[in-house]
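Each chain, letter by letter, is given below.
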Amino acid sequence: MAEATKPMLGKIGFTAITITALISTFSAINASLLGASRVNFEIAEDDELPHHFLARLWDKPTGLMITADVTFILVNILDLESISTAGSVGFLLIFATVNFTGFRLHQQLNSNKTIPVIGFFLCVIVIFVLLNQQYHSNIIGASMSISIMAFCFLAEFIIHMG
C-alpha cells in the first residue's frame, strides 16, 4: 500500500502509510494474542483443551505464553507473505465454519439457509484459489498454511481421543 502511494504522495506519504500499517499490525497482533489466551482458558474450562491451559503465570493464563511463543517462533522463521497466507486461510476457514454452522442451525435461528450455504461454498472456493495461487508463487506460505491446518485438526483429534 505504501509503495502504491509513493508516486502520488512521495516519500512522506510512503513513510506515513508504512508507520500506520506497522501500528495497525502491532495492534492486531496484540489483540489476537490477548484474545487467544482467554479463548484457550475458556475452552479448557469446558474440557475441550487440556487443563494445563487453566494454569496461571503472573496472574495471566498460560495460553498467552504458549500463543506468544508459537507466534514469536513463526514470525522469526517465516516471511511476511507466508504469515499473511496462513492467517488468511485461517480466517477463511473460520468464516466457512461459521457459515456452515448457520446453515445447520437455520431452523433454530429462524433464518434463511441459502445465504450461509453460499457463504460456506464461497469461502471454501477462495481457500482453494488462495492456496493454489500461493503454491505457484509462494510454496512456503501454502505449505505452512496447510501444515498449520493439519496440525490443528490433528491436535483436535488427539485431544478428543484422550
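That block above? That's the structure.
What counts and what doesn't
Residues numbered from 1 in each chain as written. Predicted model: local features only at pLDDT ≥ 70, side-chain atom pairs only at ≥ 80, totals over all residues. Heavy atoms only, no water. Helix = DSSP H or I, 4+ residues; strand = E, 2+ residues; numbered from the N terminus. Rg over C-alpha atoms; globule rule 2.2 N^0.38 Å. Expected span 1.5 Å × (residues − 1). Buried < 20%, exposed > 50% of the residue type's maximum accessible area, 1.4 Å probe, protein only. Contact = heavy atoms within 4.5 Å. Core = buried A, V, L, I, M, F, W, Y, C linked by side-chain atoms within 4.5 Å. Axes fitted to C-alpha atoms, helices over the stretch in contact; angles between N-to-C directions. Parallel < 35°, antiparallel > 145°, perpendicular 65-115°, else oblique. Left-handed = near helix turned anticlockwise from the far one by under 90°. Nonpolar A, V, L, I, M, F, W, Y, C, P; charged D, E, K, R; others polar.

Considerations on the overall build of the chain
Reasoning step 1: Along its length, the chain carries six helices and two strands.
Reasoning step 2: For the chain, the N- to C-terminal ordering of α and β elements is α-β-β-α-α-α-α-α.
Reasoning step 3: A compact globule built from 162 residues would reach a C-alpha radius of gyration of about 15 Å, whereas the chain, at 19 Å, exceeds it by more than 25%.
Reasoning step 4: With the principal axes as the frame, the chain shows a C-alpha extent of 55 × 50 × 30 Å.

As for helix α6 (residues 139–161)
Reasoning step 1: For α6, built from 23 residues, the straight-helix expectation of 33 Å at 1.5 Å per residue is met to within 8% by its first-to-last C-alpha distance of 32 Å.
Reasoning step 2: When α6 is considered as a whole, its buried residues turn out to be G141, A142, S145 and M149.
Reasoning step 3: Packing partners of the buried residues in α6 comprise α3 (80–104) and α5 (114–137).

Observations regarding α3
Reasoning step 1: For α3, built from 25 residues, the straight-helix expectation of 36 Å at 1.5 Å per residue is met to within 8% by its first-to-last C-alpha distance of 36 Å.
Reasoning step 2: Residues S82, T85, A86, V89, L92, A96 and G102 constitute the buried set of α3.
Reasoning step 3: Against α4 (106–109), α5 and α6 lie the buried residues of α3.

Topic: the nonpolar core
Reasoning step 1: Grouped together as the largest cluster of nonpolar side chains are seven residues: V89, L92, I127, L130, L131, A142 and M149.
Reasoning step 2: Within the residue set of this core, elements represented by two or more residues are α3, α5 and α6.
Reasoning step 3: Broken down by element, the residue count for this core peaks at three residues, all from α5.
Reasoning step 4: Discounting chain neighbours no more than four positions away, the residues touching I127 are V89, L92 and L93.

What to know about the side chain of N138
Reasoning step 1: Mapped onto the secondary structure, N138 falls in the loop between α5 and α6.
Reasoning step 2: Here N138 is in contact with E81, S82 and T85, once residues within four sequence places are set aside.

Considering the packing of α3 against α6
Helix-helix packing: each pair is described by the crossing angle between the helix axes and the interaxial distance.
Reasoning step 1: Two elements in contact, α3 and α6, have axes whose closest approach is 8 Å; the angle formed by their N-to-C orientations is 45°. With respect to their mutual orientation, α3 and α6 come out oblique. Relative to α6, the crossing made by α3 is right-handed. Mapping the contact onto sequence places S82, T85, A86, V89 and L93 in α3 and I140, G141, A142, S145, I148, M149 and F153 in α6.
Reasoning step 2: Partitioning the contact of α3 with α6 into residue classes produces eight nonpolar, four polar and no charged.

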